[in-house]
Amino acid sequence: MFVGTAAILPLPAMAMGTEWRLAIRNVHNNESVDAVFARSGRFVPEGLAELNHGLRDWRTGEVFQMDRKLLALLVSLRDKLELTGRTKIELISGYRSPHTNASLRARGGAHTGVASQSQHMLGKASDIKVPGVSLDRLRGAALALGGGGVGYYPRDGFVHVDTGRVRHW
Ligand SMILES: [Zn+2]
């Protein structure tokens with residue numbers, strides 16, 4: 001296995017002694033994960049594994065290695081909203097297997113915007129909301145970060161964030 005530069009954090013430099021922590025609750029199965037995935041500039045494999053599991057395709061159970069930049073982006077987003085590391089981000093969708101993505105597309109309706117080459121299938125996207133934070137404010141914070149794609153789905157009650165090209169809809 002290659003370890004080396006891959007273990008170095010890709011995003012904002014992290015001060016020694018600091019931690020990146022994410023607490024996430026899946027709204028579909030009410031499952032929660034709360035894990036430290038980086039500490040003093042190094043990733044924590046156990047924490048990454050817990051978060052990969054928490055962000056798995058909950059429909060099929062498939063676990064994917066999520067983009068670490070996405071995890072860092074969620075931390076930045078939470079910081080931007082001036083929330084603590086224990087604030088639970090509510091997850092509507094994280095990783096999507098090709099099968100799940102295809103069936104959501106076929107279903108249409110609330111999933112009309114599901115793309116054929118979704119960033120969700122690459123482990124680079126999440127659909128989220130944050131208790132006590134309006135969707136409008138969540139979207140504003142995500143746009144201000146400029147870390148990738150931001151989609152606004154007020155009717156469905158979530159904001160999509162991904163680490164793909166900077167764009168919004
Ligand atoms: Zn999405």
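Preceding block: the structure.
This text gives an overview of the structure that appears in the document. (Residues numbered from 1 in each chain as written. Predicted model: local features only at pLDDT ≥ 70, side-chain atom pairs only at ≥ 80, totals over all residues. Heavy atoms only, no water.)

Focus: the overall build of the protein chain
The test is simple: Helix and strand assignments follow DSSP, with helices taken as H or I runs no shorter than four residues and strands as E runs no shorter than two, numbered in order from the N terminus. Think of it in three bands: with a 1.4 Å probe and only protein chains considered, a residue is buried below 20% of the maximum accessible area for its type, exposed above 50%, and partly exposed in between. Residues count as neighbours in contact if any of their non-hydrogen atoms are within 4.5 Å of one another. Only the protein chains shown count as covering a residue, and every accessible area follows the Shrake-Rupley method with a 1.4 Å probe.
Summing up its helical and strand segments, the protein chain has four helices and eight strands in all. Ordered by position from N to C terminus, the α and β elements of the protein chain give β-β-β-α-α-β-α-β-α-β-β-β. Buried residues in the protein chain amount to 45% of all 169 residues. A fraction of 58% describes how many contacts in the protein chain between residues 6 or more apart in sequence connect residues 24 or more apart. With an accessible surface of roughly 8600 Å², the protein chain has 53% of that area assigned to carbon and sulfur atoms.

Section: the coordination of the zinc ion
Using the following cut-off: Shown as donors are all N, O and S atoms within 2.8 Å of a metal ion, widened to 3.2 Å for Na, K and Ca; because water is not in the atom set, sites may appear incomplete.
Donor atoms from the polypeptide that coordinate the zinc ion comprise His120 (NE2), Asp127 (OD) and His160 (ND1), at 2.0 Å from the metal. When the donors of the zinc ion are listed by position in the chain, the intervening gaps give H-x6-D-x32-H. Judged by its relative accessible area of 2%, histidine 120 is buried.

Considerations on the pairing of strand E7 (residues 158-162)
Stated formally: One bridge is not enough; two strands pair if DSSP finds at least two bridges between them.
Taking burial as the measure, the five residues of E7 include five buried ones, the bulk of the element. Residues Phe158, His160 and Asp162 line one face of E7 and the alternating positions Val159 and Val161 line the opposite face, and both faces are buried. As paired strands, strand E6 (residues 149-153) and E7 are joined by four bridges and run antiparallel to one another. Residue pairing for E7: tyrosine 152 is matched across the bridge by valine 159.

Observations concerning the pairing of strand E4 (residues 88-93)
Counted residue by residue, E4 has five buried out of six residues, so it is predominantly covered. Summarising the sheet, strand E1 (residues 19-26) and E4 pair through four bridges and their orientation is parallel. If you follow asparagine 26 over to E4, its bridge partner there is leucine 91. Relative to strand E5 (residues 125-129), E4 runs antiparallel, the two sharing three bridges. Looking at E5, one finds that glutamate 90 is bridged to lysine 129.

Some thoughts on the packing of aromatic side chains
By convention here, two paired aromatic rings are described through the distance between centres and the angle between planes. The following threshold applies: Stacked, edge-to-face and tilted labels apply to pairs of Phe, Tyr and Trp rings (six-membered ring for Trp) whose centres lie within 6.5 Å, assigned for plane angles under 30 degrees, over 60, and everything in between, in that order. Two limits define a charge over a ring: the Lys NZ or Arg CZ must be within 6 Å of the ring centre, and within 35 degrees of the ring normal.
Under the counting rule described, the total for this entry stands at three aromatic pairs. For the ring pair tryptophan 20 and phenylalanine 37, a centre distance of 6.0 Å and an interplane angle of 45 degrees mean the geometry is tilted. Linking tryptophan 20 in strand E1 with phenylalanine 37 in strand E2 (residues 32-39), this pair joins segments that are 17 residues apart in sequence. Each member of the pair, tryptophan 20 as well as phenylalanine 37, carries the same accessibility label: buried. Positioned above the aromatic ring of phenylalanine 43 is the side chain of arginine 68, whose terminal nitrogen or guanidinium carbon lies 4.5 Å from the ring centre. Lying across the ring of tyrosine 152, arginine 139 places its NZ or CZ 3.9 Å from the centre.

So, the sheet that holds strand E8 (residues 167-168)
Definition in use: Axis lines are fitted through C-alpha atoms, for helices just across the contact stretch, and the angle between N-to-C directions can take any value from 0 to 180 degrees.
Taking strand neighbours across the sheet as the criterion, the eight strands line up as E3-E2-E1-E4-E5-E7-E6-E8 in an open arrangement whose pairing is mixed. With one partner strand each, in any of the chains shown, strand E3 (42-43) and E8 form the two edges of the open sheet. Lying on the sheet, helix H1 (residues 45-54) is in contact with E1, E2, E3 and E4; it crosses E2 at an angle near 145 degrees. In the packing of helix H4 (residues 135-145) onto the sheet, the strands contacted are E5, E6, E7 and E8, and the crossing angle to E6 comes to about 170 degrees.

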